[in-house]
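Tertiary structure, described
Here's the letter readout for the chains.
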Amino acid sequence: MFLFYQQVKNFEPLLYINRDKTGEIDGLLLAVNIREGKGLKGYFSSRVVIYGGPLIVKGTSTPVILGRLLEKLVKQTKNKSIFIQFRNFFEWNEVEKLVFKKMGFAFKDRLNLIVNTEEEKRTWLNMSESRRRQIRKGLKSDVEITDPENENDVKAFYGLLVHLYKYKVKKPLPDESFFTAFYRESKKGKLGVIKLIKLKQKIIGGILSPVTPGKNIYEWYVVGLDKRYKKQYPSVLAIWAPIEYALNHHLSHFDFMGLGTPDKAYGVREFKKKFGGQMVNYGRFARRNNKNLYRVAELGYNLFRWIK
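Now for a look at the structure at hand. Values in this document were obtained by computation on a predicted structure and should not be read as measured data. (Residues numbered from 1 in each chain as written. Predicted model: local features only at pLDDT ≥ 70, side-chain atom pairs only at ≥ 80, totals over all residues. Heavy atoms only, no water.)

Regarding a nonpolar patch on the surface
- A contiguous nonpolar patch, built from Leu15, Ile17 and Ile25 and spanning about 240 Å² of accessible area, is present on the exposed surface.
- Mapped onto the fold, Leu15 is located in strand S1 (residues 11-19).
- Here Leu15 falls in the partly exposed class, since its relative accessible area comes to 42%. (Patch = residues over 30% accessible without salt bridge, like charges linked within 9 Å, V, L, I, M, F, W, Y side chains within 5 Å. Areas by Shrake-Rupley, 256 points an atom, 1.4 Å probe, with all protein chains shown as cover. Salt bridge = Lys/Arg side-chain N within 4 Å of Asp/Glu carboxyl O. Helix = DSSP H or I, 4+ residues; strand = E, 2+ residues; numbered from the N terminus. Buried < 20%, exposed > 50% of the residue type's maximum accessible area, 1.4 Å probe, protein only.)

Written out as structure tokens, the structure reads:
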């Protein structure tokens, strides 16, 4: 992931390593500083994001190692980013949460959905009847789930995402280099997969899914032209694609990577819940490095979404 982030425009990977007294690595934290450009725009959009970390060796003093990693992270990034955010993939215990709190992080509820993919029949039956019917009908309508043939396919997939994020999601989307670099690494058997939904060679949907080998596959970026191709169900098939991949490659779970906050209605949540799975609330930890600048940046971000 560090090498991948290095290939992406406006991404700066940051790696922190803790060693025990013998010099062995017993903890590491991979973060990425993301900006939306250079100069003032780059600074006011800068945020440090950690996906699913840090990682700490079992049997060690987790709170101590966690504290060291967080202290180093905050010290080196508090003056170069507006905020730091941990997107948790697992539950931290109360002692560990206190370590985050001591370093200025606040816990925020964040829902997620985890689909068990250890056994095909159970995975299939856990879906709603309507979702199973849509998958069957979509696959019978001359649609195929396929890998990109080349970078042009990836760029076409990216074009669909650009339109989606501009007119509906209204959130920042990584540069095209994120997707082409991920594709190049995926061809080497690294990072994960990109699956496309094609109708007579026309791309009508797709998904980019990182993979933890032998464990999980994730939804990171997904799109489907549902209004234009209602009978093909491209968004449904785009999510079915990594679930099917997990079943065929002995991965234990498909992770939706977020379903919004519990106190806010979220239409996408209802759509995704029909794929079955367990609802969890691992939450996020966030630290505002400069509260006044954060307010200015938040105002600018909301204005950006309104204009978009």
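Description of the environment of Lys121
- Tracing the sequence through the fold places Lys121 in helix H5 (residues 120-126).
- Take Lys121: its relative accessible area is 58%, and that puts it in the exposed class.
- In this structure, the C-alpha to C-alpha distance between Lys121 and Asn248, residues 127 residues apart in sequence, is 13 Å.

A look at the pattern of salt bridges
- All chains considered together, the criterion is met by 12 salt bridges.
- It is possible to trace a salt-bridge network through shared partners that takes in Glu91, Glu94 and Lys97.

Concerning the nonpolar core
- Counting 57 residues, the largest nonpolar core has Phe178, Phe179, Leu208 and Tyr221 as its most contacted members.
- It is helix H9 (residues 234-248) that contributes the most residues to this core, nine residues altogether.
- The contacts of Tyr221, once residues within four sequence positions are left out, are Phe157, Leu161, Tyr165, Leu173, Pro174, Phe178, Phe179, Gly206, Ile207 and Leu208.
- Judged by nonpolar contacts, the second largest core, of 21 residues, contains Leu14, Leu70, Phe86 and Phe105. (Core = buried A, V, L, I, M, F, W, Y, C linked by side-chain atoms within 4.5 Å. Contact = heavy atoms within 4.5 Å.)

Some remarks on helix H6 (residues 129-139)
- When we look at burial in H6, the residues that qualify are Ser130, Arg131, Arg132, Gln134, Ile135 and Gly138.
- Those residues of H6 hidden inside the fold are in contact with H5, strand S8 (143-146), H9 and helix H10 (267-273).

Describing the packing of aromatic side chains
- Applying the stated criterion across every chain yields a total of 26 aromatic pairs.
- Consider the rings of Phe178 and Trp220, whose centres lie 5.2 Å apart with planes at 80°: the pair is edge-to-face. Linking Phe178 in helix H8 (residues 176-187) with Trp220 in the loop between strand S11 (216-218) and strand S12 (221-224), this pair joins segments that are 42 residues apart in sequence. For the pair Phe178 and Trp220, a shared accessibility class is recorded, and that class is buried.
- Through a chain of ring-to-ring contacts, the aromatic side chains of Phe4, Tyr5, Phe11, Tyr51, Phe157, Tyr158, Tyr165, Phe178, Phe179, Phe182, Trp220 and Tyr221 assemble into a single cluster. (Phe/Tyr/Trp six-rings, centres within 6.5 Å; stacked < 30°, edge-to-face > 60°.)

Just distances and angles here, no functional claims.
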